[in-house]
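Inside the fold
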Amino acid sequence: MNKIFIYSSIDGQTLKICQKLKGKFDNSQIRNLDNMKEGELKNFDQIIIGAAVRYGDHNKKIYDFIKKNKAILEIKKTVFFSVNATARKEDKNDPLTNPYIQKFLKKTNWKPNKINVFAGRINFPEYGFIDKYIIKLIMWITNGPTDTTKSHEFTNWEMVEEFSKEIESF
Ligand SMILES: Cc1cc2nc3c(=O)[nH]c(=O)nc-3n(C[C@H](O)[C@H](O)[C@H](O)COP(=O)(O)O)c2cc1C
């Protein structure tokens, strides 16, 4: 199986998850969405797309990409996963309960063969002043960590590894 992992990430956690999912698969590569060339998807058997959430939604570029490549995505083996902080909550860490996955599926009207959601990372020290305080406020409202001197990783790497095995064999 010839696989491509395509990621849309700002702070790197979605890329890190792609790297873990890819593991030691032969015949696979990881690519930034921004470096995808037109018509390239036909060269792959399995297409895995991972996208981060920022201020309520995934990047517009991911929606444009899916719209443009819908026909080819429909005939390939496909996976979509979202990375967001809300998925740290037990009642929002499943594709059926995570609001960003539901929003994504509604907006794209695309049915990937496999869908998943992973909790990301809040890396306060790397954020600019405004983001830092907005995210701190959101964390405070949602009972999350508010120590802005630290990075808080919520990703459950065992879940990522399990999903990697699922991807390998389908
Ligand atoms: C500016 C900013 C806005 C964010 N907005 C949301 C949000 O609306 N909902 C959410 O669940 N997580 C939100 N997050 C958390 C990110 O989804 C999380 O940090 C994720 O790991 C980012 O992925 P990336 O490192 O691949 O960019 C936000 C993070 C930042 C820095």
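Note: the structure precedes this text.
Presented here is an overview of the structure given in this document. A quick note: this is a predicted structure, and the numbers were derived from the prediction, not measured.

**As for the site of the ligand**
Contacts to the ligand come from 21 residues, most closely from Ser 9, Asp 11, Thr 14, Ala 52 and Gly 120. Counting residues per element, the shell around the ligand draws most heavily on strand E3 (residues 46–54), at three residues. Considered class by class, the residues forming the shell around the ligand number nine nonpolar, eight polar and four charged.

**Quick notes on the pairing of E3**
For E3, the buried fraction is high: eight of the nine residues fall into the buried class. Relative to E3, strand E1 (residues 3–8) runs parallel, the two sharing six bridges. Looking at E3, one finds that Ile 4 is bridged to Ile 47. Here seven bridges tie E3 to strand E5 (residues 77–84), and the two strands are oriented parallel to one another. Note that in E5 the partner of Ile 47 across the bridge is Thr 78. Examined bridge by bridge, E3 and strand E4 (residues 57–58) share two bridges and lie antiparallel to one another. Its bridge partner lying in E4, Val 53 is registered against His 58. Hairpin remark: E3 followed by E4, antiparallel, with two residues in the connecting loop; positive phi at Tyr 55, about 45°.

**Description of unusual backbone geometry**
Non-glycine residue Tyr 55 carries a positive phi angle of around 45°. Looking at the secondary structure, you find Tyr 55 in the loop between E3 and E4. Exposure remark for Tyr 55: the 8 C-beta atoms within 10 Å place this residue in the exposed category. Phi at Asn 109 is positive, roughly 55°, even though this residue is not glycine.

Rules used in this analysis
- Residues numbered from 1 in each chain as written.
- Predicted model: local features only at pLDDT ≥ 70, side-chain atom pairs only at ≥ 80, totals over all residues.
- Near = placed C-beta within 6 Å.
- Helix = DSSP H or I, 4+ residues; strand = E, 2+ residues; numbered from the N terminus.
- Nonpolar A, V, L, I, M, F, W, Y, C, P; charged D, E, K, R; others polar.
- Buried ≥ 20, exposed ≤ 12 C-beta atoms within 10 Å, placed from the backbone.
- Pairing = 2+ DSSP bridges.

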